[in-house]
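Analysis of the macromolecular model
So you can see what is in the structure, the chains are spelled out below.
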Amino acid sequence: MGYIKKEKQGEFDFEKLPEGIYFFSGKEGFVKVEVNKDGHQSWDLQNWFDSLDPDKDEAQHQKTIQDIKRRLNADTGIINPSEKQEKKKFLNLFSK
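The shown structure was predicted, so the numbers you read here are calculated from the model rather than taken from an experiment.

Let us look at the sheet that holds strand β1 (residues 20-26). As summarised here, the arrangement of the four strands in space is β3-β2-β1-β4, forming an open sheet in which the pairing is mixed. Only two strands of the sheet have a single neighbouring strand rather than two, namely β3 (41-44) and β4 (78-79). Strand direction decides the pairing type here: β1 and β4, joined by two bridges, are parallel. Opposite Gly-26, over in β4, you have Ile-79 as the bridge partner.

Okay, structure coming up:
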C-alpha cells in the first residue's frame, strides 16, 4: 500500500486512493471502499444508516457518498457526526 501525502491539515483526496480496501466508521455505521488497480472505487453502504432504506435510488446513494467524503476526518479515518441540528422540544427546557 502506498503513502498518501496530505498537502494541508485535514485534507483527504478520495480520488487518489491507491489500490486497496478501506474502512471508515462513524456514528451512523461504517462504509467499505474498494479501490482497484485502475483507481475505480466501489462503495459498500450496506452498514451505513442512511442507506438502509431500500427505496433509495442511485442518486441518493451518490449524495450519501459525497456527504461521507465531506465529513471524513482525514487524520483519524472517523466520519464526523452529521451537522443536522436536533429539534429542541419545548418541554425539554424544563427538564433541567
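To continue, consider the nonpolar core. With 14 residues, the main nonpolar core has Phe-24, Val-31, Trp-43, Leu-45, Ile-68 and Ile-79 as its most contacted residues. Those elements giving two or more residues to this core turn out to be β1, β2 (29-35) and α1 (58-71).

Before going further, it helps to spend a moment on the pairing of β2. Of the two faces of β2, only the one carrying Gly-29, Val-31, Val-33 and Val-35 is buried; Phe-30, Lys-32 and Glu-34 on the other face are not. Pairing of β1 with β2 involves seven bridges; the strand directions are antiparallel. Looking at β2, one finds that Gly-26 is bridged to Gly-29. If you look at the hairpin formed by β1 and β2, you'll find two residues sitting between the two strands.

Attention now goes to α1. Counted at 1.5 Å a residue, the expected span for α1 with its 14 residues is 20 Å, and the 20 Å between its end C-alpha atoms agrees. Every buried residue of α1 is listed here: Thr-64, Ile-65, Asp-67, Ile-68, Lys-69 and Arg-71. On its buried face, α1 is in contact with β2, β3 and β4.

A few words on a nonpolar patch on the surface. The grouping of Ile-21, Phe-23 and Phe-30 at the surface amounts to a nonpolar patch, some 310 Å² of accessible area in total. Its location among the elements puts Phe-23 in strand β1.

Calculation rules
Residues numbered from 1 in each chain as written. Predicted model: local features only at pLDDT ≥ 70, side-chain atom pairs only at ≥ 80, totals over all residues. Heavy atoms only, no water. Pairing = 2+ DSSP bridges. Helix = DSSP H or I, 4+ residues; strand = E, 2+ residues; numbered from the N terminus. Core = buried A, V, L, I, M, F, W, Y, C linked by side-chain atoms within 4.5 Å. Buried < 20%, exposed > 50% of the residue type's maximum accessible area, 1.4 Å probe, protein only. Expected span 1.5 Å × (residues − 1). Contact = heavy atoms within 4.5 Å. Patch = residues over 30% accessible without salt bridge, like charges linked within 9 Å, V, L, I, M, F, W, Y side chains within 5 Å. Areas by Shrake-Rupley, 256 points an atom, 1.4 Å probe, with all protein chains shown as cover. Salt bridge = Lys/Arg side-chain N within 4 Å of Asp/Glu carboxyl O.

Just geometry here; none of it tells us what the structure is for.
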